[in-house]
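Listed below are the residues making up each chain.
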Amino acid sequence: MGSPLSFEGNGPASLDATSNPPAMFDGTTRLYMSYVSPYAQRAWITRNYKGLQEKIELVPINLFNKPSWYKERVNPASMVPALEHNGKVITESLDVIKYIDGNFDGPSLYPKDPEKRELGEYLMKYSNTTFINIVIGSFRGNPAKESTPVFDHLENVLHKFNEGPFFLGKLSLVDIAFITVIERVQPLLEDAFKYDITLGRPKLATWIKEMNKIDAYSQTKVNRQQVIKYMKSRYMLRASKSILYQNQVSKL
Ligand SMILES: N[C@@H](CCC(=O)N[C@@H](CS)C(=O)NCC(=O)O)C(=O)O
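Note that the structure is predicted; figures quoted are calculated from it, not measured.

## Overview of the overall build of the chain
From N to C terminus, the chain includes 12 helices and four strands. Its C-alpha radius of gyration of 18 Å places the chain within 12% of the 18 Å reference for a compact globule of 252 residues. A principal-axis box enclosing the C-alpha atoms of the chain has dimensions of 50 × 50 × 25 Å. Every one of the 252 residues in the chain was classed for burial, and the buried ones make up 37%.

Below is the structure:
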């Protein structure tokens, strides 16, 4: 029986501490991921969008009951995602999505235009640092106030290129980097704080709608109620005295 907070997704069953490792470095390209992780989800979306379902095998890892071989043989940092390709392992979600985009067939997810690339680099880094830190930090205080500048910043950037509803105009790795985080923080902000991040932010509202129309993304989404339950347990019940519970919620 899985823990009440672990969940499976739309793909193969997760490997846990009782599972054998795959035959590593046998020529198969493998994406080690988790259905619960926004970082791993970025790589999963990128793989799907580029039509690499047959070329990159998904290897979901149960982060609540992780196999010991994962740290020993795949990623010493013990985190997902990790991509096994051509005898090496690439880690860190932003590096993994850039690697998949640059080294496999399928539609390009990064523009050639230097101005867009520069903004794209900045935004991807921002999605993993300032943005996520401020939004998650605000859950302990007043999110409507504290996270306003970062959502306003996204709204402003979305006004920059008008050839499409996405950050760099056309869909890119930048959109993929942000949507998996938005998918988790937006429901929690609405449910627990009655804060609608799209109110007064028409570009952000349209961007979220457009992202949800993309199958490569929608296939990877986690159920909204599960997200809310998980996010509450992770960020709003930190004082819980249950050690088991603390272990279960320290995965995101
Ligand atoms: N900076 C890393 C963060 C990856 C990360 O934090 N992954 C989490 C899941 S969301 C993880 O694997 N944690 C290990 C664990 O829970 O045991 C990236 O962008 O890939």
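Still to come is the rest of the account.
## Structural notes on the domain arrangement of the chain
Domain annotation of the chain identifies domain 1 (29-103) and domain 2 (114-233). Computed over C-alpha atoms only, the centres of domain 1 and domain 2 are separated by 22 Å. Tallying the contact residues gives 14 residues for domain 1 and 14 residues for domain 2. Only helix H1 (38-49) and helix H3 (93-103) provide two or more residues apiece to the side of domain 1 that touches domain 2. Here the element with the most residues in the side of domain 1 that touches domain 2 is H1; it accounts for eight residues. Of the residues in the side of domain 1 that touches domain 2, the class split is eight nonpolar, three polar and three charged.

## Focus on the pairing of strand E2 (residues 56-60)
Both strand E1 (residues 29-33) and E2 contribute to a ladder of five bridges, which runs parallel. Bridge pairing in E2 places Met-33 opposite Pro-60. One crossover worth recording links E1 to the parallel E2 by way of H1, and it is right-handed.

## So, the confidence of the model for the chain
Of all residues in the chain, 91% attain a pLDDT of 70 or more, and the chain-wide mean is 92. Low confidence marks residues 239-252, where pLDDT is under 50. Its contacts with residues over four positions away, or in another chain, come to 14 contacts.

## Some details on unusual backbone geometry
Across the junction of Val-80 and Pro-81, the peptide omega takes the value 5 degrees, indicating a cis bond. Within the secondary structure, Pro-81 is located in the loop between helix H2 (68-74) and strand E3 (82-85). Positive phi, close to 55 degrees, is recorded for Phe-25, a residue that is not glycine. Residue position: Phe-25 is located in the segment before E1. Phi angles above zero are rare outside glycine, and Glu-92 is one such case at about 75 degrees. Note that Glu-92 resides in the loop between strand E4 (88-91) and H3.

## Quick notes on the sheet that holds E1
The sheet built from four strands is open, its strands ordered E2-E1-E3-E4 with mixed pairing. Of all the strands in the sheet, the pair left with one neighbour each is E2 and E4. Mean inter-strand twist for the sheet, computed between neighbouring axes without regard to direction, equals 20 degrees. Pairing analysis gives three bridges linking E1 to E3, with the strands arranged antiparallel. Bridge assignment links Arg-30 to a residue of E3, and that residue is Glu-84. Strands in contact with H1 are E1, E2 and E3; relative to E1, the strand with the most contacts, it is inclined by about 145 degrees.

## Looking at the nonpolar core
Membership of the largest hydrophobic core comes to 58 residues, with the highest contact counts inside it found for Leu-31, Tyr-32, Ala-43, Val-80 and Val-174. Ranked by the residues each element gives to this core, the list is headed by helix H8 (residues 173-193), at 10 residues. No fewer than three residues from each of domain 1 (29-103) and domain 2 (114-233) sit in this core. The contacts of Ala-43, once residues within four sequence positions are left out, are Leu-31, Met-33, Pro-81, Leu-83, Ser-93, Val-96, Ile-97 and Ile-100.

## Here's the deal with the UniProt feature "domain: GST N-terminal" (unreviewed entry) in the chain
As recorded in UniProt, the feature "domain: GST N-terminal" (unreviewed entry) lies at residues 27-108. What you have in residues 27-108 is 37% helix and 22% strand, and the ends, taken at the C-alpha atoms, are 24 Å apart.

## A look at the pairing of E3
Bridge count for E3 against E4 is four bridges, and the pairing is antiparallel. If you follow Glu-84 over to E4, its bridge partner there is Val-89. Between the antiparallel neighbours E3 and E4 lie two residues, among them Asn-86 with a positive phi of about 50 degrees.

Conventions used here
- Residues numbered from 1 in each chain as written.
- Predicted model: local features only at pLDDT ≥ 70, side-chain atom pairs only at ≥ 80, totals over all residues.
- Helix = DSSP H or I, 4+ residues; strand = E, 2+ residues; numbered from the N terminus.
- Rg over C-alpha atoms; globule rule 2.2 N^0.38 Å.
- Buried ≥ 20, exposed ≤ 12 C-beta atoms within 10 Å, placed from the backbone.
- Domains from an automatic or database assignment.
- Contact = placed C-beta atoms within 7 Å.
- Nonpolar A, V, L, I, M, F, W, Y, C, P; charged D, E, K, R; others polar.
- Pairing = 2+ DSSP bridges.
- Right-handed = clockwise from strand over helix to strand, strands pointing away.
- pLDDT = per-residue confidence, 0-100.
- Axes fitted to C-alpha atoms, helices over the stretch in contact; angles between N-to-C directions.
- Core = buried A, V, L, I, M, F, W, Y, C linked by C-beta atoms within 7 Å.
- UniProt positions renumbered as here; feature names shortened; annotations may be inferred.

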